[in-house]
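# Descriptive structure summary
Given next are the chains, with one letter for each unit.
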Amino acid sequence: MTSDLVAGSAEFVSVDRPEAGIAVLRLARPPMNLIDAQATFELSEAARRLGADESVAAVVVYGDERVFSAGDDLAEAARLTVEQARAMAEDVQAALGCLARLPQPTVAAISGYCLGAGLELALGADRRIIGDNVKLGLPQIRSGLLPLAGIRRLSLLIGPAAAKDLVYSGRFVEPAEAAALGLVDEVVAPDDVYAAALRWARRFAGGPRLALAAAKRVFEAGPHGADRARVEWAELFGTEDRSIGTRSYLAAGPGSAEFSGR
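Residues numbered from 1 in each chain as written. Predicted model: local features only at pLDDT ≥ 70, side-chain atom pairs only at ≥ 80, totals over all residues. Heavy atoms only, no water.

### Let's talk about the overall build of the protein
Along the backbone of the protein there are twelve helices and ten strands. Whereas a compact globule of 262 residues would reach a radius of gyration of roughly 18 Å, the protein reaches 19 Å, a difference of no more than 12%. Projecting the C-alpha coordinates of the protein onto the three principal axes gives extents of approximately 60 × 40 × 40 Å. In the protein, which comprises 262 residues, the share counted as buried stands at 45%. Residue pairs in contact within the protein that sit at least 24 positions apart in sequence constitute 67% of those at least 6 positions apart. With the model as given, the accessible surface of the protein reaches about 13000 Å², and the carbon-plus-sulfur share is 56%. For the protein, the distance from the average site of its 28 positive side-chain charges to the average site of its 34 negative ones is 4 Å. (Helix = DSSP H or I, 4+ residues; strand = E, 2+ residues; numbered from the N terminus. Rg over C-alpha atoms; globule rule 2.2 N^0.38 Å. Buried < 20%, exposed > 50% of the residue type's maximum accessible area, 1.4 Å probe, protein only. Contact = heavy atoms within 4.5 Å. Areas by Shrake-Rupley, 256 points an atom, 1.4 Å probe, with all protein chains shown as cover. Lys, Arg positive; Asp, Glu negative; His and termini not counted. Charge placed at Lys NZ, Arg CZ, Asp CG, Glu CD.)

Written as structure tokens, this is what we have:
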């Protein structure tokens, strides 16, 4: 496994390469992996680099075996003025939504706590796998704030009524309820979270990178998804991958193609 710091000087985010085709974007601000302005900058920079890296087929987002992220750094928030908050809001919002903009499939491997900004980050992943002892929630309302990046995505994921309940109350959600709501996709034993995320990510190694990226852009287009799908579908006909995929499918069925990424 190789590891590199984001931009060579990151404090709170690192990128590991545990095996070919998979990158692990790791929150590394112990003990609770709180997310402050510096961490959001590093997350945004790491996502930008990973998105441009054609050797990366899938991305796992992880904290450590104890905690994914306990959320916002309220000590920093307590010092902000209105002017400072206005100046940084757009960048922080974009950083917490960075996983949704990655062209690669992404999975959040969640241990311990996933709260506030940590859950907002995880909401942008394509899949969320949690341990059966995890607590999730958006408790910002209890400190007189609101989730900056997660309200719309949460509402689309679990419906507006359930989203309002979680945001307005700021309450924690246990694993069984999170699964029932559709907030998470898989619940496993705590020690299996990281391994389960890697298993999911491996499905995309050597896969149709361009088609997967196009599909993600359609999902992210939201209400304009039908228009976006027409554009993306037509553009794929100009790719080498489409030629490889259709020829392989006709000759040997699904799952036999070796895509080039071009």
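Continuing now.
### Thoughts on the pattern of salt bridges
In the structure shown here, the tally under the stated rule is 19 salt bridges. One salt-bridge network, in which partners are shared between bridges, spans R29, D36 and D73. (Salt bridge = Lys/Arg side-chain N within 4 Å of Asp/Glu carboxyl O.)

### Description of the sheet that holds strand 9 (residues 172–173)
Strand order in the open sheet formed by three strands is 6-8-9, and the pairing between neighbours is mixed. Only two strands of the sheet have a single neighbouring strand rather than two, namely strand 6 (113–115) and strand 9. (Pairing = 2+ DSSP bridges.)

### Here we look at the side chain of D73
With respect to the element layout, D73 can be found in the loop between strand 4 (58–62) and helix 2 (74–77). In this structure the side chain of D73 is engaged in a polar contact, spanning 3.0 Å, whose partner is the side chain of R29. (Polar contact = N/O pair within 3.5 Å; in protein donor to acceptor, adjacent residues only side chain to side chain.)

### Brief notes about the packing of helix 6 (residues 151–158) against helix 7 (residues 160–169)
Taken N-terminus to C-terminus, the directions of helix 6 and helix 7 make an angle of 135°; their axes are 7 Å apart at the nearest point. By the angle between their directions, the pair helix 6 and helix 7 is classed as oblique. As helix 6 runs across helix 7, the sense of the crossing is right-handed. From helix 6, I151, L154, S155 and I158 reach across to helix 7, where they touch P160, A162, A163, L166 and V167. Taken together, the residues of the contact of helix 6 with helix 7 sort by class into eight nonpolar, one polar and no charged. (Axes fitted to C-alpha atoms, helices over the stretch in contact; angles between N-to-C directions. Parallel < 35°, antiparallel > 145°, perpendicular 65-115°, else oblique. Left-handed = near helix turned anticlockwise from the far one by under 90°. Nonpolar A, V, L, I, M, F, W, Y, C, P; charged D, E, K, R; others polar.)

### With respect to helix 1 (residues 37–51)
End to end, helix 1 covers 21 Å across 15 residues, agreeing with the expected 21 Å (1.5 Å per residue, within 8%). Looking at helix 1, one finds that the buried residues are A39, T40, E42, L43, E45, A46, A47 and L50. If you follow the buried residues of helix 1, they end up packed against strand 2 (13–19), strand 3 (22–27), strand 4, helix 3 (82–96), helix 4 (98–101) and helix 5 (117–123). (Expected span 1.5 Å × (residues − 1).)

### Looking at unusual backbone geometry
In this structure, the amide linkage connecting P30 to the following residue, P31, adopts the cis form with an omega of 10°. Positive phi values are uncommon outside glycine, yet N33 reaches one of about 55°. Tracing the chain through its elements places N33 in the loop between strand 3 and helix 1.

### As for the side chain of T40
Mapped onto the fold, T40 is located in helix 1. If we skip the residues at most four places from it in the chain, T40 touches I35, V92, A95 and L96.

### Comments concerning the state of the cysteines
One way to say it: the disulfide is the covalent bond shared by the sulfur atoms of two cysteines. Applying the stated criterion across every chain yields a total of zero disulfides. Here C114 is not disulfide-linked; the sulfur of C98 is the nearest cysteine sulfur, at 13 Å. Classification of C114 as buried rests on a relative accessible area of 0%. (Disulfide = S-S within 2.5 Å.)

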